[in-house]
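# Examining the three-dimensional arrangement
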Amino acid sequence: MSALSCDTLPESRARQRADVDKGFPENLAETAPPRPAWAAESPLLQAEHVTHLFGPEQGCQDVSFTLYPGEVLGLVGESGSGKSTLLAALSGRLPPEAGHVRYRDGKDWLDVHALGEARRRTLLRTEWGFVEQNPRDGLRMSVSAGANIGERLMAQGARHYGKLRQAALDWLCRVEIDPDRIDDAPGRFSGGMQQRLQIARNLVSCPRLVFMDEPTGGLDVSVQARILDLLRNLVRELGLAVVLVTHDLAVARLLADRLMVMRRSRIVEAGLTDQILDDPQHPYTQLLVSSILKV
Amino acid sequence: MSAQHALPSTGMSGYNFAYLDETSKRAIRRALLKAVAIPGFQVPFGGREMPMPYGWGTGGIQVTASILGPDDVLKVIDQGADDTTNAVSIRNFFKQVAGVASTTRTTEATIIQTRHRIPETALRNGQILVFQVPIPEPLRFIEPSESETATMHALGDYGVMHVKLYEDIVRHGRIATRYAYPVEVNGRYVMDPSPIPRFDNPKLHMNPALLLFGAGREKRLYALPPYTRVVSLDFEDHPFEIPRWKSACAICGSTESYLDELIVDDRGTRHYVCSDTDWCETRSAAGERTT
């Protein structure tokens, strides 16, 4: 990895990463009861009664949950159930009408919506990432792939062209894009490559928490599979915490440790992914699981 | 208007001294004070209609009109030259509506209105240089929203400026921005120094004169007070540098000044001459021409 990416992590975060790497999943078998390493740490993100309604049952209401470092939380539900609204509120883009979103920065808890704009922006482009459904919303289409990847580093004060370029090359490799295309505009990439470029652009600052809004929506199945595979590896490797919005239960099963099922602005069921998909309790979840097409 | 009686006659009836009415001038001066107080910050102002189209220097003319006094000596340059159409028209305009003295000598002028160049002759404290600015917003190329660029300035969120320079190196192998090269002012605001060539950027740094910038169409004013720190943005491994010419000026032999390229015959013979006509004439008159 280049000097500009993950090597420059603060020591505590690097250590934390190492703990995650060590503790999960090898230690699972040794320690009894089996608990992933993140469970022993303090949470990273906390939502408390987050509510934002555009109309009756439109939006999200009374959503509370806790997210731990290195954990992938899937948010599933039908269109219009409020998944994206909740994601916008969690990621600081939409101030909720009620409730709080708290993020742990070292030992301090920050109320995301009470932070100043400057601090929130810094957070968004250093410790957080946001992968949009449509890569055109998350990329700068007018500048080259390399500039897209380097932008976060430049915003953080990186002023060495050679190192920026090396970081961009590294990340293109990691997301399986031919490094020769570093100087191409994203508009000349395929949809799947654009999505992978967007992922690289977000992960270059080594975030701890990434929000993803249907990262594989609108892509064909084989491209989806490659991106899911890539995401799964990166999440494990970097110990990322992820809030993943999807309406595709297969995606959720592949990536998510835990699931929350949303319907008409409320969380109707939450639990471990396998538990929810294999033994759904709420009638709506049962309907959702039974409606998956079996080929 | 009572204020009109206190001012000298312009030689033209029906116009206030320096064309603009006193209330407008005062409003512009108030905005200028704010601009001087916050170096590099773009101050909105109520731009007035001028008797010429946008793009001809209406921003600079409004600034000059607002600060001009009867004792001032005015110099106007366009591309460094005193004798180009735009420079001649603006100089004549102020001669007519203000009756002030004008000069082509940089050292004699108290106010110099300019487009594209900073004079080669070093300015001194007490002089005022007024720039005509087409696009005051350095972030505009990447961010079309005015409220977003205002937020970016407020938060010092300037990462995208280096994205632009990065793209330059990708496409041209070096920072190829030739003019309107972005600068950081006093360690705070990023500013577009208007379309002056990159060659003139170092003259902005710690300049003893007051530098005022007026954008008429965009209705923005900004300023560099005397002795302000101005740093041109760059990369550690691609530092800012000014262009140099292989040849000297064909008229005065200068190797230090900014040279214009002239094609002098049908076979494409090229000559290089100083863009700053006053600098060139002064040197020629002093007999510094060597060849």
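Structure first, text after, so check above.
The paragraphs below set out a description of the structure included in this document. (Residues numbered from 1 in each chain as written. Chains lettered and ligands numbered in written order. Predicted model: local features only at pLDDT ≥ 70, side-chain atom pairs only at ≥ 80, totals over all residues. Heavy atoms only, no water.)

### A short note on the overall build of chain B
Our working rule: Helix and strand definitions follow DSSP, with helices as H or I runs of at least four residues and strands as E runs of at least two, each counted in order from the N terminus. With the radius of gyration taken over C-alpha atoms, the globule rule is written as 2.2 Å times the number of residues to the power 0.38. It only takes one pair of heavy atoms within 4.5 Å for two residues to be counted as in contact. Here, Shrake-Rupley sampling with a 1.4 Å probe gives the accessible areas, and only protein chains in the shown set may cover a residue. Think of it this way: Lys and Arg go in the positive column, Asp and Glu in the negative one, and His and the chain ends go nowhere. All charge positions are set by atom: Lys at NZ, Arg at CZ, Asp at CG, Glu at CD.
Within chain B, the regular secondary structure consists of eight helices and twelve strands. Taking 19 Å as the expected radius of gyration for a compact globule of 291 residues, we find that chain B reaches 20 Å, a close match to that expectation. Along the first, second and third principal axes, the C-alpha set of chain B runs to 60 × 55 × 35 Å. The long-range fraction of contacts in chain B, counting pairs at least 24 apart against all pairs at least 6 apart in sequence, stands at 60%. For chain B, the computed accessible surface area is about 13100 Å², with 52% contributed by carbon and sulfur atoms. Each charge class in chain B can be summarised by its mean position, and for the 31 positive and 34 negative side chains these summaries are 3 Å apart.

### Observations concerning the side chain of B:Asp82
Here is the rule: Between N or O atoms, a polar contact is any pair within 3.5 Å; within protein, one atom must be a potential hydrogen donor and the other a potential acceptor, and residues adjacent in sequence are included only when both atoms are from side chains.
One can find B:Asp82 in the loop between β2 (73-78) and α4 (85-98). A polar atom in the side chain of B:Asp82 sits 3.1 Å from the side chain of B:Thr277.

### Some thoughts on the interface of chain B and chain A
Keep this limit in mind: We define buried area as the total accessible area lost by two parts upon association, computed with a 1.4 Å probe and summed across both. The term salt bridge refers to a side-chain nitrogen of Lys or Arg lying within 4 Å of a carboxyl oxygen of Asp or Glu.
Chain B puts 20 residues into the contact, and the matching count from chain A is 21 residues. If you sort the residues of chain B by the area they bury against chain A, B:Leu155, B:Val163 and B:Tyr166 come out on top, with a joint share of 30%. Linking chain B with chain A are three salt bridges, by the criterion used here. For B:Glu148, the salt bridge is made with A:Arg121, and the minimal N-O distance between the two is 3.2 Å. At the boundary of chain B with chain A, the tally comes to ten residue pairs in polar contact (both at pLDDT 80 or more).

### Quick notes on unusual backbone geometry
Here is the rule: A simple rule labels every residue: compare its accessible area, found with a 1.4 Å probe on the protein chains alone, to the largest value its type can have, and call it buried under 20%, exposed over 50%, or partly exposed in between.
Look at A:Glu57: it is not a glycine, yet its phi comes out positive at around 60°. Position of A:Glu57 among the secondary structure elements: in the loop between β1 (45-55) and β2 (58-67). Overall, A:Glu57 belongs to the partly exposed group, its relative accessible area being 36%. Its identity as a non-glycine residue notwithstanding, B:His116 has a phi of 80°, on the positive side. In this structure, B:His116 sits in the loop between β4 (111-115) and β5 (128-132). Using a relative accessible area of 16% as the deciding quantity, one classes B:His116 as buried.

### Looking at the sheet that holds strand β8 (residues 241-245) of chain A
Two pairing modes exist for strands in a sheet, parallel and antiparallel, and in both the strands are linked by backbone hydrogen bonds. Residues and elements named next belong to chain A. Rule in force here: We call two strands paired when DSSP finds no fewer than two bridges between them. To obtain each axis, a line is fitted to C-alpha atoms, and for helices this fit is confined to the stretch in contact; angles are then taken between N-to-C directions over 0 to 180 degrees.
Spatial strand order, β6-β7-β8-β3-β9-β10: six strands in an open sheet with mixed pairing. Sheet topology places β6 (128-131) and β10 (266-272) at the edges, where each strand pairs with a single neighbour. Direction aside, the axes of adjacent strands within the sheet are offset by 15° on average. Judged from the four bridges that link them, strand β3 (residues 72-77) and β8 form a sheet pairing that is parallel. Each bridged residue has a counterpart across the sheet, and for glycine 74 the counterpart in β8 is leucine 244. Relative to the sheet, helix α4 (residues 83-90) contacts β3, β6, β7 (209-213), β8 and β9 (258-263), its axis offset from that of β7 by approximately 155°.

### Describing the environment of B:Ile111
All names here are of chain B. For isoleucine 111, the position within the fold is in strand β4. It is 6.0 Å that separates the C-alpha atoms of isoleucine 111 and glutamine 127, two residues lying 16 residues apart in sequence. When sequence neighbours within four positions are dropped, the list of residues in contact with isoleucine 111 reads Thr64, Ile67, Leu68, Asp72, Val73, Leu74, Lys75, Ile128 and Val130.

### Points about α4(B)
All names here are of chain B. Which entries qualify depends on this criterion: By this rule, a helix spans an expected 1.5 Å times one less than how many residues it contains. The arc in question is the one traced by the directions running from the helix axis out to the C-beta atoms.
Helix length check: α4, at 14 residues, gives a terminal C-alpha distance of 20 Å against a target of 20 Å (1.5 Å per residue), a fit within 8%. Of the positions making up α4, those classed as buried are Asn86, Ala87, Ile90, Arg91, Phe93, Phe94, Val97 and Ala98. The buried residues of α4 occupy an angular sector of 155° when projected down its axis, which confines them to one face. Phi turns positive, to about 65°, at glycine 99, one or two residues after α4.

### So, the state of the cysteines
Residue and element names in this part refer to chain B. The cut-off we apply is this: To count as a disulfide, a pair of cysteine sulfur atoms needs to be within 2.5 Å.
Per the stated rule, a full pass over the model turns up zero disulfides over all chains. There is no disulfide at cysteine 249, and the cysteine sulfur nearest it, in cysteine 274, is 3.6 Å away. In this structure cysteine 249 comes out as buried when scored by relative accessible area, which is 2%.

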